[in-house]
Amino acid sequence: MSRIQYGMVALVILSGLVLAGCGTAPAGQQSATGVRVVATTNIVGDVVAQVAGKDVQLTVLMGLGVDPHTYVATPRDVAAVHDAQLIFVNGAGLETFLEPLLQQAGGQACLVDLSQGLDLLPAGHAEAEDEHAGEGEYDPHVWLSVPNVMRWVDTIATALSEADPAHAEGYRSRAAAYRQELEALDAWIRQQVAGVPPERRKLVTNHPAFGYFAREYGFEQVGAVYPVSPAAEPSAQDIAALEDVIRRLGVPAVFTESTVNPKMAEQVARDTGIRLVRLYTGSLGEPGSGAETYIAMMRYNTRAIVDALKGSE
Ligand SMILES: [Zn+2]
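Residues numbered from 1 in each chain as written. Predicted model: local features only at pLDDT ≥ 70, side-chain atom pairs only at ≥ 80, totals over all residues. Heavy atoms only, no water.

## Quick look at the pairing of strand β2 (residues 56-60)
Note: strand β1 (residues 35-39) against β2, five bridges, orientation parallel. Paired with Arg36 across the strands is Gln57, a residue of β2. Following the backbone out of β1, through helix α2 (residues 42-52) and into the adjacent parallel β2, one traces a crossover that is right-handed. (Pairing = 2+ DSSP bridges. Helix = DSSP H or I, 4+ residues; strand = E, 2+ residues; numbered from the N terminus. Right-handed = clockwise from strand over helix to strand, strands pointing away.)

Structure, rendered in C-alpha cells:
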C-alpha cells in the first residue's frame, strides 16, 4: 500500500516540476557519502558530476552505449531511484520510462527537469504519435546545443545547493568553472563551423537528433534514416525518399550514432556512394573513443561533421 502511495507522491512532483516539494534532507541523511543523486542519461550524469564534485553520491542509470530511447531499468536502477533525494532528468519527453520506473521504485525523490525553461523544438516529425517511438511532443535532444547545457549547469547548481546547503559554495564555484569551459567549447564550435560553406551545412543523420545543434550552429537537418525514432523501422519508401534527397542536395555524408544500429545507414551510404561517419549522440563514448565526456563528445562530433561537410577531400 505505502509503495503505491510513494509512487503517487513522486508523480505529483513530476507534474509540478523543478524543485517542487524539494527541501533540505534531514540531518541524519546527510552522511559522509553525501546527498543521494540519480541522473538518467550518462550525458546528464557527466554534467551533474562536474558540478557535484565529491559532495554527492551519484548513480547514473544509463551505462555507456545505452540508447535513451530503448533503455530498460535494471533492479539496481530501481533501488537507486527508490533511495534518491534528487533525480536529474533530461526531460522534453526523452525519458518515456520515467513514470513507470517511479511507480515501481517508490521513494520520495525530487525530480529536476533540465529541459524546464529551455526553448524547446517540436518533435522531429509531427506525425510521431506512437508513444513507444520515444519521441513525443518535443524534440528531446537539447544537449547537442551547448548554450542549453549552460542552463543545465545553473539548474543543477541551484538544485544541489538547495538540497545540500552545507556544500553550496562548492557547487557554485564548480558550476562557474565548468560554465567557462562550456563557453569556450561553444566559441570553438562556432569557429569550426565557420569553415563550412553555408550551402554545405546539411545534415543527414541516423535519427533526427540534431535539431538543437542545427538551430544553434546554422545547419539544416535535411533527412534521417529513422525519420521518427530508432525504435520505429523506416519503410522502403522512407529510404528511397531519403536517398533521393541526398542525391538532389549533393549531401556528402550520412552521420550514424554509437547507440543506433548502423545497418540501414550503411545501406544508404552504399546506394548513394557517400561517406558514413559515426557520431556520439545519446551516450558518451567508451574510454579511448575521444568522446568520454560531454565536452569531448561535442568536440568529436563537431570535428567529424566539419571534416565531412567542408569539402576538402
Ligand atoms: Zn534520440
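## Some details on the packing of aromatic side chains
What the rule picks out here adds up to five aromatic pairs. Taking the centre distance of 5.2 Å and the plane angle of 55 degrees together, the rings of Phe213 and Tyr217 count as tilted. You can see Phe213 and its partner Tyr217 sitting in helix α7 (residues 211-217), four residues apart, about one turn around the helix. Tyr217 gets classed as buried once you look at its relative accessible area, which sits at 4%. Pairwise contacts between aromatic rings join Phe210, Phe213, Tyr217 and Phe219 into one cluster. (Phe/Tyr/Trp six-rings, centres within 6.5 Å; stacked < 30°, edge-to-face > 60°. Buried < 20%, exposed > 50% of the residue type's maximum accessible area, 1.4 Å probe, protein only.)

## Concerning the sheet that holds β2
Spatially, four strands are ordered β2-β1-β3-β4 in an open sheet, and the strand pairing comes out parallel. Single-partner strands in this sheet number two, and they are β2 and β4 (110-113). When the angles between neighbouring strand axes are averaged without regard to direction, this sheet yields 25 degrees. Across the sheet, α2 lies against β1, β2 and β3 (86-89), angled at about 170 degrees from β2, the strand it touches most. (Axes fitted to C-alpha atoms, helices over the stretch in contact; angles between N-to-C directions. Contact = heavy atoms within 4.5 Å.)

## Comments concerning the environment of Asn261
Along the chain, the position of Asn261 falls in the loop between β7 (253-257) and α9 (263-272). Remark: the alpha-carbon pair of Asn261 and Asn206, spanning 55 residues in sequence, is separated by 8.6 Å. The contacts of Asn261, once residues within four sequence positions are left out, are Asn206 and Tyr226. A distance of 2.9 Å separates a polar side-chain atom of Asn261 from the backbone nitrogen of Lys263. (Polar contact = N/O pair within 3.5 Å; in protein donor to acceptor, adjacent residues only side chain to side chain.)

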